[in-house]
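# An overview of the molecular structure
What follows is each chain in one-letter form.
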Amino acid sequence: MSFNYPVYMPYMKGNEKKYVNECLDSTWISSKGKYIELFEHSFSEYLGVKYACSVNNGTTALHMALLALDIKPGDEIIVPTFTYIASVNAISYMGAVPVFVDSIKETWQIDPEDVKRKITAKTKAVIIVHLYGHPCDMDAIVPLCKDNNILLVEDCAEAIGSYYKGKHVGCFGDIATFSFFGNKTITTGEGGMVVSNNENLITRSHHIKNQGVTSIQYWHDIIGYNYRMTNICAAIGLAQLEQIEHILQLKKTIAETYRKAFLNTDIEFLYENDVVVNSFWMCSCLIKSANQRDQLRDFLQQQGIETRPLFYPVHSMPIYNYLTSEDFPIANNLSTRGINLPSYPGLTEEDVYVIANKIIQFVNCNEYAVGSYNYV
Ligand SMILES: Cc1ncc(COP(=O)(O)O)c(C=O)c1O
């Protein structure tokens, strides 16, 4: 089905075609070529982190991070239940045990108090997820990990351009991962990145992603993987990175417009607080009554407006529900009430008012409709 307003469309108005054509013309289309290192270098510079290793998607980036950290079968890894499935699956790939925690009501991010409660002698790492572009509470999480000698992995798949107290996310923990899927703020089609200030971890990542090959050609000293990014993807990534400030500015304006449109209504819009910069990967809101959420999504679909539900808490899925019988009230509440709204950089302020007013109309707050696109 095609929508007038899809949830996402990549913004490709820079050097993407030029760089990709250079790959084609030079025949460097596979995972060797100049764009790989150029993209890795520009990416680490942009973040303010020392080292980066490109990979073929954000899920392999997470797997790679845990491989580089030498996570062992049976290790417990704390992870929010309210996240995309990949954050948890990577733990399973290692034979490690996901230990779920709940989220904070106001920010939707991992609850440090619940992390504290879940630490045991077997806890090896915490994977935090800067969900929907909103940074986690790093002032609470960093000391918690340090004091308990726990590794900190940051899943930044949804959070390029997000800052906590002026520092880019991904620069706080031992290692961090990014995704460049087509709906991400910058995209390579499929792609990912592992970053760290620890040289050893990134050297290990390069080794692992290259089938564990040594300096002797075709001699492998570990069982590695082919997790390499192609030169074509890196070329797109570099062109995207050149435009990132513009893309982020467009997304900020969209979020600001939704926020203003929903002021004085019952609709809660995830914005940002004083200490963070939210990159607004997805503009997302909560409807007062969970019963209305799916009807609202159907209504919007009829109007040509695509939406997504917020993630289902991972602990509730049959593949993981054997791990806990605990209730995660905040995650459950967010999941049943939330929707992702069209969030692509090409949306105009007028588009946002059209969408916001349809939502306001549906939840019977017509008197609150704002902007110049009210209904007749
Ligand atoms: C939080 C989070 N982690 C990991 C991933 C996995 O990234 P990819 O789809 O590139 O494998 C995603 C993708 O949407 C994500 O949202």
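Structure first, text after, so check above.
First, a word on what this report is: a plain description of the structure on this page. Everything numeric in this text was worked out from a predicted model, so none of it was measured.

### As for the overall build of the chain
Of regular secondary structure, the chain possesses 12 helices and 14 strands. In terms of overall dimensions, the chain is globule-like: its C-alpha atoms have a radius of gyration of 21 Å, near the 21 Å expected for 376 residues. On the principal axes, the C-alpha backbone points of the chain span a range of 75 × 55 × 35 Å. Counting the 376 residues in the chain, one finds 56% classified as buried. Restricting to contacts in the chain with at least 6 residues of sequence separation, those with at least 24 account for 69%. Total accessible area on the chain is roughly 16400 Å²; 51% of this is exposed by carbon and sulfur atoms. Of the charged side chains in the chain, 30 are positive and 40 negative; the average position of the first set lies 2 Å away from that of the second.

### Observations regarding the layout of surface pockets
Considering only enclosed or pocket space, the largest pocket measures out at about 510 Å³ in volume. For the largest pocket, the lining is made up of 19 residues, of which Ser31, Lys32, Asn210, Val213 and Arg228 are closest to its centre. For the lining of the largest pocket, the secondary-structure elements that each account for two or more residues are helix H2 (34-47) and helix H7 (199-209). When residues in the lining of the largest pocket are grouped by element, the largest group, 3 residues, is from H2. Split by residue class, the lining of the largest pocket holds 5 nonpolar, 9 polar and 5 charged. Of all the secondary-structure elements, those providing two or more residues to the lining of the second largest pocket are helix H3 (58-68), helix H4 (85-93) and strand E13 (308-309). Tallied by class, residues from the lining of the second largest pocket come to 12 nonpolar, 9 polar and 5 charged.

### A word on the site of the ligand
Around the ligand sit 13 residues in total, of which Thr59, Asp155, Glu158, Ser179 and Lys184 are the nearest. According to the grid-proximity analysis, the pocket containing the ligand is the second largest pocket. Per element, the largest residue contribution to the shell around the ligand is 3 residues, and it comes from H3. Looking at the shell around the ligand residue by residue, the classes come out as 5 nonpolar, 5 polar and 3 charged.

### What to know about helix H1 (residues 16-26)
All of the buried residues along H1 are Glu16, Tyr19, Val20 and Cys23. Around the axis of H1, the buried residues are gathered within 100 degrees of arc, so they sit on the same side. The exposed residues of H1 that point more than 90 degrees off its buried face are Lys17, Lys18 and Asp25. Those residues of H1 hidden inside the fold are in contact with H2 and helix H8 (231-242). Once H1 finishes, Thr27 follows within two positions and takes phi at roughly 70 degrees, a positive value.

Analysis parameters
Residues numbered from 1 in each chain as written. Predicted model: local features only at pLDDT ≥ 70, side-chain atom pairs only at ≥ 80, totals over all residues. Heavy atoms only, no water. Helix = DSSP H or I, 4+ residues; strand = E, 2+ residues; numbered from the N terminus. Rg over C-alpha atoms; globule rule 2.2 N^0.38 Å. Buried < 20%, exposed > 50% of the residue type's maximum accessible area, 1.4 Å probe, protein only. Contact = heavy atoms within 4.5 Å. Areas by Shrake-Rupley, 256 points an atom, 1.4 Å probe, with all protein chains shown as cover. Lys, Arg positive; Asp, Glu negative; His and termini not counted. Charge placed at Lys NZ, Arg CZ, Asp CG, Glu CD. 1 Å grid on protein atoms, 1.4 Å probe; cavity = no way out; pocket = protein on both sides within 12 Å on 5 of 7 lines; lining within 4 Å. Points joined across faces, edges and corners; volume = space filled by probe spheres on them. Nonpolar A, V, L, I, M, F, W, Y, C, P; charged D, E, K, R; others polar. Near = heavy atom within 4 Å. Sits in = over half its atoms within 2 Å of the grid points. Arc of directions from axis to C-beta.

That's the geometry; what it means functionally is another story.
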